[in-house]
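These are the residues of each chain, in order.
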Amino acid sequence: MQIRSFLVAALAAGTATAHMNMKDPPPLAYKGNPNAKEPNIDYSITSPITGAQYPCKGYLKLLGTPEGASVKTYAPGGKYTMSVEGGAYHNGGSCQLSLSYDKGNTFTVIKSFIGNCPTASGGTFGFSIPSDAPEGDDVVFAWTWVNHTGNREYYMSCAVVTIKAGASKRDIPAFNAKRDTAFASRPKVFQANLGGEYCTKEGVDTVYPEPGPDVENTSTSPGPAILCATGADAPEGSTSGGSGSGSGSGSGSGSGSGSSAGSSSAAATSAAATSAVASSPATSAASSAAASQTSAPGGVFLTTPPDSTGASPTSAAASTPTTLSTATRASQSAGAGASSSAAAGGNSGTPTTSAQAPAGTGSAGTQSGPCSDEGAWACSADGSSFQRCASGQWSATMPMAAGTKCTPGISNTLSMRRRRDRVRRSGTGFGGFAF
């Protein structure tokens, strides 16, 4: 009997080096947790979890017992480190740190690592407790990992901690920490490969659909998560929960909770404009327009050419999407007068590419009704709003962002100018760009 017990323990100890687990703070049922006792010590704690073991490999049952006592105390706004150990790191991958205040029903992300998490030696990783994180006892601190190579798996280690103001704060560097997102607005933890909505690709470091504001990205081979049912890339800003627990409204992505056609248009617009005008006011406006208009196939900015008869297409299946071309023009200091005139509503010149005039023109140079030049842009006479010819119809009028005006007229490019204040100089100027 003793020999058999020894062999079982040896086999379990060998298995424990097979993958990775959180080491510090010491998780529940971990042999290095001072509160852990037999028979609840998990000698296979490095193994991936199953859907039935979510969350925390089932060890939240220890909450409220001596084995589930807090092992660390963190302070809101404090900077700390956590560490990982194990024997097979599967070429790293992506990890998240999250907190749960409701005994594991929901987990709020406080840091995302994309690439090189964990490292070959496990690794030590810096993080900050959000300054507005609620105080609490029996808070669950979770480390989750989706591996780069190997079987498509999901790992999760959970420790019980205390969040309390006045706790010691370590003076370590903060990694790209941001303080402008409320704790309640941070995304929920990403779940994948558990039989739910999301899966991950092998050979890439998963870029989380909603990583949150605190992100450390060191990946050289990033890739999106995928929808298990179709294999399609998961859209950014989509629900991060793998079991359908989220609302799908997205945090800060601009995709909102519109219909599938609108969301696809917003994603296409964002991807095409990223290289030249990422985060620009016009891009945000374009994404909002695409999410709101669902009556025409292809939406507002994912254009659909008319059929051979010149009629508007009647189904999204017959559409051929086009991309949004981007370009950047250097500002012209010598042309400040001309730029000022254009920003005030004057025509600054001939559009880059001519477009046919629409069938109908509304007030203040706005367009209405059918159009034949698919993908053309129309800027109002005063430069304060724009439209696009999409799916054979002029879109609804969209206002320009405050301080930004477009060049009046119809063109295949939408030219804009944005007023910028110059520090320590008398006067202001305009920077010009087009997309």
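No experiment lies behind these values; they were computed from the predicted model shown.

Reading the values: the criteria
Residues numbered from 1 in each chain as written. Predicted model: local features only at pLDDT ≥ 70, side-chain atom pairs only at ≥ 80, totals over all residues. Heavy atoms only, no water. Helix = DSSP H or I, 4+ residues; strand = E, 2+ residues; numbered from the N terminus. Buried < 20%, exposed > 50% of the residue type's maximum accessible area, 1.4 Å probe, protein only. Contact = heavy atoms within 4.5 Å. Pairing = 2+ DSSP bridges. Axes fitted to C-alpha atoms, helices over the stretch in contact; angles between N-to-C directions. Disulfide = S-S within 2.5 Å. Salt bridge = Lys/Arg side-chain N within 4 Å of Asp/Glu carboxyl O.

S.K.: Got a minute to help me understand the overall build of the chain in this structure?
M.R.: The number of helices and strands found in the chain is four helices and 24 strands. Of all 435 residues assigned to the chain, the portion counted as buried reaches 46%. Within the chain, residue pairs in contact and separated by at least 24 positions form 65% of the contacts whose partners lie at least 6 positions apart.

S.K.: Can you help me understand the sheet that holds strand E5 (residues 108-114) in this one?
M.R.: Across a sheet, paired strands are connected by hydrogen bonds in the backbone, their directions being either parallel or antiparallel. Here six strands make up an open sheet; going across it, the order is E2-E8-E7-E4-E5-E11 and the pairing mixed. Among the strands making up the open sheet, the edge pair consists of strand E2 (72-74) and strand E11 (215-217). With strand direction ignored, the average angle separating the axes of adjacent strands in the sheet is 25 degrees. Bridge count for E5 against E11 is three bridges, and the pairing is parallel. Pairing of Ile 114 across the sheet is with Asn 217, part of E11.

S.K.: Looking at this model, I keep getting lost on the environment of Ala 29. Mind explaining?
M.R.: Tracing the backbone through its elements, the reader meets Ala 29 in the loop between strand E1 (20-24) and E2. Residues Ala 29 and Gly 68, spaced 39 residues apart in sequence, show a C-alpha to C-alpha distance of 8.7 Å. Contact partners of Ala 29, with chain neighbours within four places excluded, come to Ala 36, Asn 40, Ile 41, Asp 42, Ile 45, Tyr 59 and Leu 62.

S.K.: Can you walk me through the state of the cysteines in this structure?
M.R.: By definition, a disulfide links the sulfur atoms of two cysteines through a covalent bond. A full pass over the atoms with the stated rule returns five disulfides. Disulfide pairing is shown between Cys 371 and Cys 389; the S-S distance is 2.0 Å. Disulfide Cys 371-Cys 389: torsion about the S-S bond near 95 degrees, hence right-handed. Taken together, the residues span a long stretch of sequence, with Cys 371 in the loop between strand E16 (367-368) and strand E17 (377-379) and Cys 389 in strand E18 (residues 385-390) at a distance of 18 residues. Just as Cys 371 is buried, Cys 389 falls in that class too.

S.K.: Hey, could you run me through the pattern of salt bridges in this one?
M.R.: Where side chains of opposite charge bring their charged atoms close, a pairing between them can arise. Evaluated as defined, the whole model comprises five salt bridges. The partner of Lys 72 in a salt bridge is Asp 24, with the nearest N and O atoms 3.4 Å apart. Of this pair, Lys 72 sits in strand E2 while Asp 24 sits in strand E1, and the two are 48 residues apart along the sequence. Lys 57 serves as the salt-bridge partner of Asp 42, at 3.1 Å between the closest nitrogen and oxygen. Here Asp 42 is found in the loop between E1 and E2, whereas its partner Lys 57 is found in the loop between E1 and E2, with 15 residues between them in sequence. For Lys 57, a relative accessible area of 12% gives the class buried.

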